[in-house]
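Residue-level structural notes
Chain by chain, the residues run as shown.
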Amino acid sequence: MNGKPIVSASSGIKTPSLFARIADNDLFYSFIRSPLTVAAAVVTLVIFAAALCAPLISPQNPFDPATLNLMEGFTPPMAPNAFTGNVFWLGTDAQGRDIFSAILYGSRVSLLVGFAAVGFAAVLGITLGLVSGYVGGWVDSLIMRIADVQLSFPAILIALLIFGVFKGIVPPSVQDKVAIYVLIAAIGLSDWVQYARTVRSSTLAEKNKEYVQAARVIGVPAPVILLRHILPNVMGPVLVIATIGLALAIILESTLSFLGVGVPPTQPSLGTLIRVGQDFLFSGEWWIVLFPGLTLLALALAVNLLGDWLRDALNPKLR
Amino acid sequence: MTAFIRTPPATLPVTPAAPLLRVENLKCAFDVSRPFLNRVLERQPRRFLKAVDGVSFEIARGETFALVGESGCGKSTVARLIVGLYESTDGRIVFDGQDVGQIRSGAQMQALRRRFQMIFQDPYASLNPRWRVDRIIAEPIRVFRLIDDSTAIQARVAALLTLVGLSPADGHKFPHEFSGGQRQRICIARALANNPEFLVCDEPTSALDVSVQAQILNLMKDLQDELGLTYLFISHDLAVVRHMANRIGVMYLGRIVEIAASRSLFEDPRHPYTRMLLATIPDISMTGTREETVRGEVPNPITPPPGCTFHPRCPLANERCKREAPALAEVSPGQFAACHAIGEGRAHGGAIQR
């Protein structure tokens, strides 16, 4: 060897700036070319930002009794209250609570529970999926049979079961404090299966590739192979599932709260607001249930559309 | 001073023929049985695929030993057994006097692993697509803790890239930015990163274009001369093997049927299977003559034929071949073949006219 590069790929080209690389990216191109996706992203970001900044932008703190005025109860949207003359954009509920503020604070809880539940489900599912696919044998069979059994029950049933057990075990005095964590765990535990299955099948494909064998030849320990080599290569499908899973988790949380087993009334989520509002639906106070419902619809739809786009954009067969 | 260093220490057993690697009666069977419940319900026995069935050979320091054979003959399994990717069912692998199967401590195993490396067949699958090239090449250095300082590691990676004919600037790129031949150069650089003495090359060029194959093979030969490497070279391509190997073992259905020095194997093949393989090489000087084609197919290795496994395809087979498996026997100095016909004088020796 003469030490001179003979087949070197072009090395004189400068690395483009980060901004140029993003603008040149396939994913960004497919994003900007799809108006529906851009709209979904805008809606999602607006709701995220509004929820995040709720204490700054909401007209009142809807859960501080001192700010509520019972005289302002059942004010219709955009109409001045008969007694105080205050105008509420989206109206008020029975206690005179501003619906707009309640939605902002409610989306906070919904999003917090959604993200935390997805994170919990993803970490659990990815770990079990990696182990199941890489180790194989009876460990694989055990994990996958548990997954099969769990998949044969609806997610809501499992979440209700976990919640029922929680109510039976934990003393009522602390139930309200830990209810939100139990909710996160219940949704996460009902949703880990699809992460585990997806990651397992990708792991099965990746572990027989020669780059994994090259690492095994030099004695890299299995946990390191799983984390450094296999995990980055199986994250694509997980990202898609997690995005769609976020929408599902938010809906599941709302469903549970609607059924009355979710977060306590002191920290209402969108689901709680809908449950409270539906009592007034037939007495003509439609705004109490409609606006939280529309917010939930917009949030779930936008996140779902983003997930759909991501799935198509990451699928090389649909490019 | 120099003269003193060059004199081998008297305490070391200096036998001229001490092999770097000795494989004795290596066997590997894969369990291909149906799942337990199916076996019980359908009353099927356990079934095993004998991928490697009693293979023995030695590789001397600095030589290139090649294993050739049709696909499915177990040559890649032998390679994977030697580097520890598969567990052997039986037999011994002795690396530089150390029985690999006897090693119990992880540190000892790691010390042994540092001395060999593997080059894989598919350069598109053997590099992690999410890692940059410099990280890929530095992985063995980090795993074996050869260098601690990260700038020193970078310098070593740059030197390795230059050694295999790439530019140090290529280290910042991802594998998908390279062609197949360049990727195989990266694989070679990674394999050399821990200064191994012994390289197992599992069909390193069969996924490449013919013109690129020659580049990679010449690079491997140059590196062997420069670094004193020992190669176990797995291939189904006889032309490649002829170019690379000092000695060749011909495998058929998990067994070695003939071992000989490269020159004598190509000039005077003895085993009927070797002859059949060599007769399939196209030759420009044979225009107009009728080629003998490979007859038949490799039988199912789960239910191999009794006796000599080659007998259904062998033009010389008789009743004994169907009953008795032949053992390797020296047919001429340094050349071993496992065939009853040669022992009984039924095979006509002498070179095939090529």
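Residues numbered from 1 in each chain as written. Chains lettered and ligands numbered in written order. Predicted model: local features only at pLDDT ≥ 70, side-chain atom pairs only at ≥ 80, totals over all residues. Heavy atoms only, no water.

1. Here's the deal with the overall build of chain A
Looking only at helices and strands, chain A has 13 helices and zero strands in total. Along the chain direction, N to C, the helices and strands of chain A fall in the order α-α-α-α-α-α-α-α-α-α-α-α-α. Taking the contacts inside chain A whose residues are at least 6 apart along the sequence as the reference set, 70% of them involve residues at least 24 apart. Of the roughly 16200 Å² that chain A leaves accessible, carbon and sulfur atoms contribute 70%. Between the centroid of the 19 positive side chains of chain A and the centroid of its 17 negative side chains there is a distance of 15 Å. (Helix = DSSP H or I, 4+ residues; strand = E, 2+ residues; numbered from the N terminus. Contact = heavy atoms within 4.5 Å. Areas by Shrake-Rupley, 256 points an atom, 1.4 Å probe, with all protein chains shown as cover. Lys, Arg positive; Asp, Glu negative; His and termini not counted. Charge placed at Lys NZ, Arg CZ, Asp CG, Glu CD.)

2. What about the pairing of strand 4 (residues 90–95) of chain B?
Residues and elements named next belong to chain B. Relative to strand 4, strand 1 (residues 19–31) is paired through five bridges, and the arrangement is antiparallel. Within the sheet, the bridge partner assigned to K27 lies in strand 4 and is D90. Across two bridges, the pairing between strand 4 and strand 5 (residues 98–99) is antiparallel. Residue pairing across strands places V94 opposite D99, the latter belonging to strand 5. Counted between consecutive antiparallel strands, the loop separating strand 4 from strand 5 contains two residues, among which D96 sits at a positive phi close to 50 degrees. (Pairing = 2+ DSSP bridges.)

3. Here's the deal with the sheet that holds strand 1 of chain B
Pairing is antiparallel in the open sheet, where four strands are placed in the order 2-1-4-5 (chain B). A single partner strand is all that each edge strand has here, and the edge strands are strand 2 (48–60) and strand 5 of chain B.

4. Quick notes on the interface of chain A and chain B
Listed per partner, the contact involves 25 residues of chain A and 39 residues of chain B. Counting the surface lost from both chain A and chain B, the interface buries some 2600 Å², and carbon and sulfur atoms represent 56% of this. The interface formed by chain A and chain B holds zero salt bridges in total. In this structure, the connection of chain A to chain B is made through 11 residue pairs in polar contact (both at pLDDT 80 or more). A breakdown of the residues in the side of chain A that touches chain B according to their chemical character gives 12 nonpolar, eight polar and five charged. (Buried area = accessible area lost by both parts, 1.4 Å probe. Salt bridge = Lys/Arg side-chain N within 4 Å of Asp/Glu carboxyl O. Polar contact = N/O pair within 3.5 Å; in protein donor to acceptor, adjacent residues only side chain to side chain. Nonpolar A, V, L, I, M, F, W, Y, C, P; charged D, E, K, R; others polar.)

5. Focus: the pairing of strand 11 (residues 329–332) of chain B
Residues and elements named next belong to chain B. In this structure, strand 11 lies alongside strand 12 (residues 335–337), joined through three bridges in antiparallel fashion. Bridge pairing in strand 12 links E330 to F336. In this antiparallel pair of consecutive strands, strand 11 and strand 12, the connection spans two residues, and G334 shows a positive phi of 80 degrees.

6. Describing the packing of aromatic side chains
In the structure shown here, the tally under the stated rule is 14 aromatic pairs over all chains. Here W89(A) and F100(A) contribute two aromatic rings whose centre-to-centre distance is 5.3 Å and whose plane-to-plane angle is 45 degrees, an arrangement assigned as tilted. Taken as a pair, W89(A) in the loop between helix 4 (54–57) and helix 5 (99–135) and F100(A) in helix 5 lie far apart in primary sequence, 11 residues in all. Aromatic side chains Y252(B) and Y273(B) sit 4.6 Å apart centroid to centroid with 55 degrees between the ring planes, which places their arrangement in the tilted category. Placement of the pair is Y252(B) in strand 9 (residues 247–252) and Y273(B) in helix 11 (residues 272–279), with a sequence separation of 21 residues. Each member of the pair, Y252(B) as well as Y273(B), carries the same accessibility label: buried. Clustering of aromatic rings is evident, with ring pairs tying together W286(A), W287(A) and F291(A). Sitting over the ring of W131(B), R135(B) keeps its end group 3.8 Å from the ring centre. (Phe/Tyr/Trp six-rings, centres within 6.5 Å; stacked < 30°, edge-to-face > 60°. Buried < 20%, exposed > 50% of the residue type's maximum accessible area, 1.4 Å probe, protein only. Lys NZ or Arg CZ within 6 Å of the ring centre and 35° of its normal.)

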